[in-house]
Amino acid sequence: MKLPSFENARVLVVGDVMLDRYWFGDVERISPEAPVPVLKVSRVEERPGGAANVARNIAALGAQATLLSVVGDDEAGHCLEKLLVGQGGVNASLHRDPGISTTVKLRAVARQQQLLRIDFETAPSHEVLNAKLAEFRIRLADADVVLLSDYGKGGLTHIAEMIRLARAQGKPVLVDPKGDDYARYQGATLLTPNRSEFREVAGGWKSNDELTAKAQQLRVELGLEALLVTRSEEGMTLFRAGDVYHEAAQAREVFDVSGAGDTVIATLAVMLASGADMAESVHVANRAGGIVVGKLGTAVVSRDELEGV
Ligand SMILES: Nc1ncnc2c1ncn2[C@@H]1O[C@H](COP(=O)(O)OP(=O)(O)OP(=O)(O)O)[C@@H](O)[C@H]1O
Ligand SMILES: [Mg+2]
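Residues numbered from 1 in each chain as written. Chains lettered and ligands numbered in written order. Predicted model: local features only at pLDDT ≥ 70, side-chain atom pairs only at ≥ 80, totals over all residues. Heavy atoms only, no water.

Draft legend 1. Spotlight on the sheet that holds strand E7 (residues 113-120). One open sheet holds the 4 strands; their spatial order is E3-E2-E6-E7, and the pairing between them is mixed. Because the sheet does not close on itself, it has two edges, and the strands there are strand E3 (37-50) and E7. Direction aside, the axes of adjacent strands within the sheet are offset by 20° on average. When strand E2 (residues 17-30) meets strand E6 (residues 104-110), the two strands line up parallel, connected through 7 bridges. Each bridged residue has a counterpart across the sheet, and for Leu 19 the counterpart in E6 is Val 104. This element, helix H1 (residues 51-60), spans E2 and E3 of the sheet and lies at about 60° to E3. Across the face of the sheet, helix H2 (residues 75-85) comes into contact with E2, E3 and E6 while running at roughly 110° to E2. (Pairing = 2+ DSSP bridges. Helix = DSSP H or I, 4+ residues; strand = E, 2+ residues; numbered from the N terminus. Axes fitted to C-alpha atoms, helices over the stretch in contact; angles between N-to-C directions. Contact = heavy atoms within 4.5 Å.)

Below, the structure written as structure tokens:
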């Protein structure tokens with residue numbers, strides 16, 4: 001497949017970052033303190049999650065990713081920064097908020113079996129969010145496309161203002177949405193809800209015609225150029241004014257579907273920032289989604305893999 005050059009594509013990612021942490025080990029006994037297993041940890045693994053995973057996917061494609069987000073002034077925040085700027089290849093600007101803890105999802109795993117997940121998260125403070133908005137204004141000038149990755153953790157309080165600023169400069173704005181209040185995404189270029197996110201905001205559907213009617217209604221209401229519903233094993237459908245375009249899922253083998261949505265929106269942003277049109281971008285993004293679900297671990301796709309070499 002012939003792809004445009006990605007080297008000069010500049011994507012500004014703003015959103016909620018998190019650290020996915022795994023404690024792997026063995027359980028050989030029950031605790032004498034309480035009727036719970038004792039996990040003896042032998043290996044720790046850490047991966048960027050949320051908006052950080054989106055940024056890492058952009059960099060893995062060979063494009064320029066700048067990430068604007070908030071972390072706590074703690075060990076997890078430093079760990080995330082190291083993962084991003086080192087091998088991650090991301091230009092990360094992480095504001096440190098001493099009043100919060102970095103969002104961490106910690107899994108305790110014994111022989112493939114998850115025993116427990118522990119979440120740390122707190123919403124960032126207003127001062128830090130204001131500083132972030134100020135930096136957004138400055139960084140916008142150097143971006144071809146803006147990507148807002150909303151994981152509902154409070155890092156995108158100023159999203160409406162960010163969309164307005166970017167659109168005023170004619171920059172496409174892609175949003176990965178969360179929650180049931182989409183009014184704050186008004187005027188974005190493209191939204192990429194998955195099936196359950198779309199159902200939460202628009203209600204269920206029994207046929208493709210009903211899905212189209214609901215998608216087009218939401219698209220018009222929010223003044224979007226396009227709405228892309230990602231549909232897991234059903235592929236994805238792009239809704240534009242007077243146009244519906246469907247791509248069937250590509251995956252041959254499915255190992256790990258988590259993060260597929262991040263890879264999809266990252267690929268879309270890189271394609272659009274490289275001058276591709278919307279339908280071409282969706283085609284390539286669907287291909288990227290099909291590749292990444294066939295992988296364990298890494299959860300990024302390279303340009304070579306996309307080209308099929
Ligand atoms: N089970 C699957 N089989 C084939 N392709 C898949 C599957 N799951 C995901 N994909 C591919 O990845 C794309 C995005 O997946 P999905 O709609 O599940 O996003 P998502 O729920 O936002 O993912 P996540 O939140 O885990 O990152 C799909 O449109 C499809 O191309
Ligand atoms: Mg998603």
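Don't stop here, the text continues.
Draft legend 2. Structural context of the site of ligand 1. Asn 194, Thr 230, Ser 232, Gly 261 and Asn 286 are the nearest of the 20 residues found near ligand 1. Gly 261 places a main-chain nitrogen or oxygen 2.9 Å from an oxygen atom of ligand 1. Summarising the interface, the protein chains cover 85% of the accessible area of ligand 1, which totals 620 Å² for the free molecule. Contributing elements (two or more residues each) for the shell around ligand 1: helix H7 (260-273) and helix H8 (278-292). In terms of residue count, H7 provides more of the shell around ligand 1 than any other element does, 4 residues in total. (Near = heavy atom within 4 Å. Polar contact = N/O pair within 3.5 Å; in protein donor to acceptor, adjacent residues only side chain to side chain. Areas by Shrake-Rupley, 256 points an atom, 1.4 Å probe, with all protein chains shown as cover.)

Draft legend 3. Broad picture of the pairing of E2. The sheet contact formed by E2 and E3 spans 13 bridges and is antiparallel. Within the sheet, the bridge partner assigned to Phe 24 lies in E3 and is Arg 43.

Draft legend 4. Structural detail: the pattern of salt bridges. Enumeration over the complete set of coordinates arrives at 22 salt bridges. A salt bridge links Arg 96 to Glu 81; the nearest nitrogen and oxygen atoms lie 2.4 Å apart. Separated by 15 residues along the polypeptide, Arg 96 in strand E5 (residues 91-97) and Glu 81 in helix H2 bring together distant segments of the chain. In this structure, the salt-bridge partner of Lys 153 is Glu 121, at a minimum N-O distance of 3.0 Å. In this pair, Lys 153 is assigned in the loop between strand E8 (145-149) and helix H4 (159-168) and Glu 121 in the loop between E7 and helix H3 (126-139), connecting sequence segments 32 residues apart. (Salt bridge = Lys/Arg side-chain N within 4 Å of Asp/Glu carboxyl O.)

Draft legend 5. Spotlight on the nonpolar core. If you look at the biggest cluster of nonpolar residues, it comprises 57 residues, and the most contacted ones within it are Val 13, Ile 58 and Leu 67. The leading source of residues in this core is H7, at 10 residues. In contact with Ile 58, not counting residues within four places along its chain, are Val 11, Val 13, Ala 63, Gln 64, Ala 65, Leu 147, Ala 266 and Val 270. Counting residues in each nonpolar core, the second largest holds 31 residues, with Leu 191, Leu 218, Leu 222 and Val 229 among its members. (Core = buried A, V, L, I, M, F, W, Y, C linked by side-chain atoms within 4.5 Å. Buried < 20%, exposed > 50% of the residue type's maximum accessible area, 1.4 Å probe, protein only.)

Draft legend 6. Summary view of the layout of surface pockets. Approximately 1,000 Å³ is the volume found for the largest pocket. For the lining of the largest pocket, the secondary structure elements donating two or more residues are E2, E3, H1, E6, helix H5 (195-202), H7 and H8. Taken as a whole, the second largest pocket encloses approximately 410 Å³ of empty space. In terms of lining, the second largest pocket is formed by 16 residues, of which the most central are Tyr 22, Phe 24, Val 109, Gln 112 and Leu 296. Broken down by secondary-structure element, the contributors of at least two residues to the lining of the second largest pocket are E2, E3 and E6. The residue makeup of the lining of the second largest pocket, split by class, is 5 nonpolar, 5 polar and 6 charged. (1 Å grid on protein atoms, 1.4 Å probe; cavity = no way out; pocket = protein on both sides within 12 Å on 5 of 7 lines; lining within 4 Å. Points joined across faces, edges and corners; volume = space filled by probe spheres on them. Nonpolar A, V, L, I, M, F, W, Y, C, P; charged D, E, K, R; others polar.)

Draft legend 7. Region of interest: H4. Here H4 has its buried residues at Ile 159, Met 162, Ile 163, Leu 165 and Ala 166. Considered in projection along H4, the buried side chains sweep an arc of 165° and stay on one side of the axis. Looking at the packing, one finds that the buried side of H4 touches strand E1 (10-15), H3, E8 and strand E9 (173-176). Count one or two residues on from H4 and you reach Gly 170, which has phi positive near 75°. (Arc of directions from axis to C-beta.)

Draft legend 8. Quick peek at a nonpolar patch on the surface. Taken together, the side chains of Val 27, Leu 115, Leu 116, Ile 118 and Phe 120 present a nonpolar region at the surface, about 390 Å² in accessible area. Residue contributions to the nonpolar patch peak at 4 residues, all from E7. Relative to the elements of secondary structure, Ile 118 occurs in strand E7. (Patch = residues over 30% accessible without salt bridge, like charges linked within 9 Å, V, L, I, M, F, W, Y side chains within 5 Å.)

Draft legend 9. Looking closely at the packing of aromatic side chains. Applying the stated criterion to the full structure yields 3 aromatic pairs. Consider the rings of Tyr 22 and Phe 24, whose centres lie 5.9 Å apart with planes at 5°: the pair is stacked. When the ring centre of Tyr 151 is taken as origin, the NZ or CZ atom of Lys 178, which lies over that ring, is 5.0 Å away. Stacked on the ring of Trp 205, the Lys or Arg Arg 199 has its end atom at 5.2 Å from the ring centre. (Phe/Tyr/Trp six-rings, centres within 6.5 Å; stacked < 30°, edge-to-face > 60°. Lys NZ or Arg CZ within 6 Å of the ring centre and 35° of its normal.)

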